[in-house]
Amino acid sequence: MSDVKVTIDGKEVLVPQGSTILQAARKVGISIPTLCHLDLHDTKMVNKTASCRVCVVEVEGRRNLAPSCATPVVDGMVVRTNTVRVMEARKTIIELLLSDHPKECLTCAKSGKCELQDLSEKFGLREVRITGKSQSTYKKDYSESIIRDMDKCIMCRRCETMCNEVQTVGALSAINRGFEAVVSPAFESPLVDTVCTHCGQCVAVCPVGALTENDHTWKVLDALADPDKIVVAQTAPAVRVAIGEEFGAEPGTIVTGKLVSGLKSIGFDYVFDTDFTADLTIMEEGHELLERLEKFLAGDKDVKLPILTSCCPAWVNFIESQFPELIDVPSTAKSPQQMFGSIAKSYFAEKLNVPRKKMVVVSVMPCLAKKYEASREEFSVDGNPDVDITISTRELAHLIKQFNLDLNELEDQEYDNPLGISTGAGVIFGTTGGVIEAAVRTAYEIKTGKELERVDFKQLRGFDGVRVASVDMDGLVLNIGIAHGLGNARQLLEEIKDGNPRNLHAIEIMACPGGCIGGGGQPYHHGDSSVLKKRQEAIYQVDREMKIRKSHENPAIIELYETYLGKPLSEKSHKLLHTHYSVKDKV
Amino acid sequence: MAELKNEQFNELEQFIDSMSSTKGELIRVLHKAQEIFGYLPKEVQKFVAKKLHVSTAKVFGVVSFYSFFTMTPRGEHNIAICLGTACYVRGAEKVLDAFKRELNINTGETTKDGKFSITGVRCVGACGLAPVVMVGEKVYGRVTPDMVKDILEEYKD
């Protein structure tokens, strides 16, 4: 396609045909303010509902102002982004948005990170001249993971685009009209009764405080303050490459030691690593894969392939509510979070000789679905949950700040033994492609009995939504599928329903774009997908720097099996480390 | 409340199956569904969503957007009072109030005996007769509040 020439604020620029005015302006360093617009090109999401009108500009020869995010350029177009007319219109638009918006900034969970607040500040609004009673009055909807406060909804519809087009979950839609218009599930049902997977990507893109996580930091404080409790932390792989951002570090800064230090400083009795149970997951899931594969190749018709990873709780919710016919293909292995809770409250509690009720397990997760997962009934014993409290990366950052600490100033510390010992295989669980790469590292050595010379499986890495690769395990070719983002997962699932034409043996699915590094509980990326790539690079760097990079070589894992579990897929392993799924009929 | 009958679902299913493509036909299907069931309860919306391969949330989004669609069953005789500009300036609101008073229900509600319901509608295209009231398919023009009792009388057996 040929380029077209446009003039923006007197600067000439050549851009490809089909570009928007907004894109052309950015090319010459003019950043037109936006609100509803969101372009995550790596995840192929563009929200261009043009509903907020904040980005309007003057186009010579046109009577009306044009929304620059949705207006394509034409050759010879002359645009002005900063005339008095434009600025007045923009200010009025922001005022109109604020006129029906609760002025609760002081107590809003999004305060300081709110894009509407930023705009108001940028335009120096000191009063809202448009008054009247606040028109919409919606009740807050609390799920274990997400709080919907629809009085704050500005109808940018980013969440709707994310939920329907990227994730293809279909839990949300714009409803009603006029002042009453908000984004809601069908029949205004609570999220828990809907097909919502609690992935939290709606929260990740909401520009205001309409969608936020259900904050559990006070529960953590209560537990830490209780002298009768032993409070144990686990940190997911993706947290260590992201939490630094909340303290001003560059995206992709690795702060593992400071993270441990922070948790110890605020009073955790033991700081352990979910990477440990990621290694454990590999032992169970890897053996399950090999067992299913061998039976399948031997002609056993009852064995279902491909096997699907089951670490991602949003993905589990997705298959339970949307693919009932595939309910028995995911691995029965619990997720690393839940394996941790289970092992902490059995193996470790027994080591300490304390009853499980005395122990409080707190997870720090990049994820909001993990909150929901921890609350599932099957993950508790006599009403005592394996994981008591799950907080997100953002919530932990808040908590550390409340303790008057700056993460950057903390000395590096090591994880505690034994549940803090882990490998490079465990840490790559944090990115798309990582779980299956970790599984291959172990499955290869178990299957062939040979040592893997090169542990990096580059063919499994990357950022494409759906990837397929083959790994030669000494003659046995393993066909692997990888999807991140639930829309991409749906593609692979449809393929399996259609008879698995590419003969895939194992599939890794992560619900969030990029995997856990882009989880719904991570520091807000505000539409900058390069942040996710930097976090991904950091994950692989942590892996490279680990002494041990294969799960089955983790000495603490070996000891756990020798002294407690027996072997992978043993009866005890099944009781503690495996689960079941059930079809859930939801709207 | 009238029960949702299997035959009604069959009729709707046949209508949907007879379409060459259902893409972009959600509103037409909802019109048909409301014609068949008289209203659009949750079960019907879920059924439509499944048949058209769209999310229930999307169906509900459309149903809640257009005032024509209703999720509560209408009475045997639905009274539609035009609140378009012409009718409004000639006193439609007073007429609406009279109906509400006589029947002791609000707009969008149905009398306990299921006989009458009231809806406010936008312009019905008979501005010359403003204010206009429709009871079922029958049109009444130049309606005043004193006429309300007599109109209702016509439908009381």
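Residues numbered from 1 in each chain as written. Chains lettered and ligands numbered in written order. Predicted model: local features only at pLDDT ≥ 70, side-chain atom pairs only at ≥ 80, totals over all residues. Heavy atoms only, no water.

## As for helix α6 (residues 217-225) of chain A
All names here are of chain A. Keep this limit in mind: For each residue, the accessible area found with a 1.4 Å probe, counting protein chains only, is set against the maximum for its type, and the residue is called buried under 20%, exposed over 50%, and partly exposed in between. Elements are defined by DSSP. Helices are runs of H or I of four residues or more, strands are runs of E of two residues or more, and each kind is numbered from the N terminus. Arc, as used here, means the arc of the directions from the helix axis to the C-beta atoms. In what follows, residue pairs with any heavy atoms lying within 4.5 Å of each other are defined as contacts.
Every buried residue of α6 is accounted for by Thr217, Val220, Leu221, Ala223 and Leu224. Axial view of α6: buried residues confined to an arc of 165 degrees, hence all on one face. Those residues of α6 that are exposed and aimed more than 90 degrees away from the buried face are Trp218, Asp222 and Ala225. Contacts made by the buried residues of α6 are with β13 (230-235), β16 (359-365), β19 (389-392) and α12 (393-402).

## Some points on the side chain of threonine 43 of chain A
All names here are of chain A. Among the secondary structure elements, threonine 43 is positioned in the loop between β3 (38-40) and β4 (45-47). Given a relative accessible area of 18%, threonine 43 falls into the buried group. Among residues more than four places away in sequence, those in contact with threonine 43 are Val166 and Pro513.

## Brief notes about the sheet that holds strand β12 (residues 211-213) of chain A
Residues and elements named next belong to chain A. We count it as follows: Strand pairing is assigned whenever DSSP identifies at least 2 bridges connecting the two strands.
Taking strand neighbours across the sheet as the criterion, the 3 strands line up as β8-β9-β12 in an open arrangement whose pairing is antiparallel. On the outer flanks of this sheet lie β8 (141-142) and β12, each paired with one strand and no other. Sheet topology places strand β9 (residues 146-148) next to β12; 3 bridges connect them, and they run antiparallel. Within β12, the position partnered with arginine 148 by the bridge is leucine 211.

## Overview of the domain arrangement of chain A
Interfaces are often sized by the accessible area lost when the parts come together. Residue and element names in this part refer to chain A. Just so we agree on the cut-off: Boundaries between domains were set according to an automatic or database domain assignment. Buried surface area refers to the total accessible area, computed with a probe of radius 1.4 Å, that the two partners give up upon joining, counted for both partners together. What makes a salt bridge here is a side-chain nitrogen of Lys or Arg within 4 Å of a carboxyl oxygen of Asp or Glu, nothing more. Residues adjacent in sequence count toward polar contacts only when both atoms are side-chain atoms; beyond that, a polar contact is any pair of N or O atoms within 3.5 Å, and within protein one must be able to donate a hydrogen and the other to accept it.
For chain A, the assigned domains are domain 1 (3-122) and domain 2 (279-336 + 422-577). Listed per partner, the contact involves 9 residues of domain 1 and 8 residues of domain 2. Roughly 740 Å² is buried in total at the junction of domain 1 and domain 2, and carbon and sulfur atoms are behind 63% of that figure. Of all residues in domain 1, Leu40, Asp42 and Thr43 bury the most surface against domain 2, accounting for 53% of the area lost on that side. The interface formed by domain 1 and domain 2 includes 1 salt bridge. With a shortest N-O distance of 3.1 Å, lysine 533 and aspartate 42 are connected by a salt bridge. Between domain 1 and domain 2 we count 3 residue pairs in polar contact (both at pLDDT 80 or more) in total. No other element matches the 3 residues that β3 contributes to the side of domain 1 that touches domain 2.

## Things to note about the pairing of β13 of chain A
Residue and element names in this part refer to chain A. Selection rule: By convention a crossover is right-handed if, when the strands point away from the viewer, the path from the first strand over the helix to the second runs clockwise.
Most of β13 is tucked away, with 6 of its 6 residues classed as buried. Here β13 shows two buried faces, one formed by Ile230, Val232 and Gln234 and the other by Val231, Ala233 and Thr235. With 6 bridges connecting them, β13 and β16 associate as parallel partners. Among the inter-strand pairings, isoleucine 230 is bridged to a residue of β16, identified as methionine 359. Bridging between β13 and strand β14 (residues 270-273) involves 4 bridges; their strand directions are parallel. Residue pairing across strands places alanine 233 opposite valine 271, the latter belonging to β14. A crossover connection joins β13 to the parallel β14 through helix α7 (residues 256-265); in handedness this β-α-β unit is right-handed.

## Focus: the packing of helix α2 (residues 26-37) of chain B against helix α3 (residues 42-52) of chain B
All names here are of chain B. This is how it is decided: With axes taken as lines fitted to C-alpha atoms, and helix axes fitted only over the stretch in contact, angles between N-to-C directions fall between 0 and 180 degrees. The sense of a crossing depends on the near helix, which, turned anticlockwise from the far helix by less than a right angle, makes the crossing left-handed and, turned clockwise, makes it right-handed. For this classification, Asp, Glu, Lys and Arg are treated as charged, while Ala, Val, Leu, Ile, Met, Phe, Trp, Tyr, Cys and Pro are nonpolar and the rest, including Gly, are polar.
Following both chains from N to C, one finds α2 and α3 inclined at 145 degrees, their axes separated by 11 Å at the closest point. Between α2 and α3 the crossing geometry is right-handed. Facing α2, whose interface residues are Leu26, Val29, Leu30, Ala33 and Phe37, α3 presents Val44, Val48 and Leu52. Of the residues belonging to the contact of α2 with α3, the class tally is 8 nonpolar, no polar and no charged.

## A look at the domain arrangement of chain B
For chain B, the domain assignment lists domain 1 (6-65) and domain 2 (77-153). For domain 1 of chain B versus domain 2 of chain B, the distance between C-alpha centres works out to 28 Å.

## Considering the pattern of salt bridges
Pairing is possible between side chains that carry opposite charge, provided their charged atoms lie close to one another. All names here are of chain A. Going through the model one piece at a time under the given rule, you end up with 50 salt bridges over all chains. Note that arginine 292 is salt-bridged to glutamate 288, the shortest N-O span being 3.3 Å. Here the residue arginine 292 and the residue glutamate 288 both occupy positions in helix α8 (residues 274-297), the gap between them amounting to 4 residues, near one helical turn. Grouping residues by exposure puts arginine 292 and glutamate 288 together as buried. Here the residues in one salt-bridge network are Glu437, Arg441, Asp456, Arg461, Asp543 and Arg549, joined through shared partners.

## Section: the pairing of strand β21 (residues 476-484) of chain A
Residues and elements named next belong to chain A. A large share of β21 lies buried, amounting to 8 of its 9 residues. Pairing analysis gives 8 bridges linking strand β20 (residues 466-473) to β21, with the strands arranged antiparallel. Across the sheet, residue methionine 473 finds its bridge partner in β21, namely leucine 476. Hairpin connection from β20 to β21: 2 residues lie between these consecutive antiparallel strands, with aspartate 474 at a positive phi of about 55 degrees. Both β21 and strand β22 (residues 506-510) contribute to a ladder of 5 bridges, which runs parallel. Pairing of histidine 484 across the sheet is with methionine 510, part of β22.

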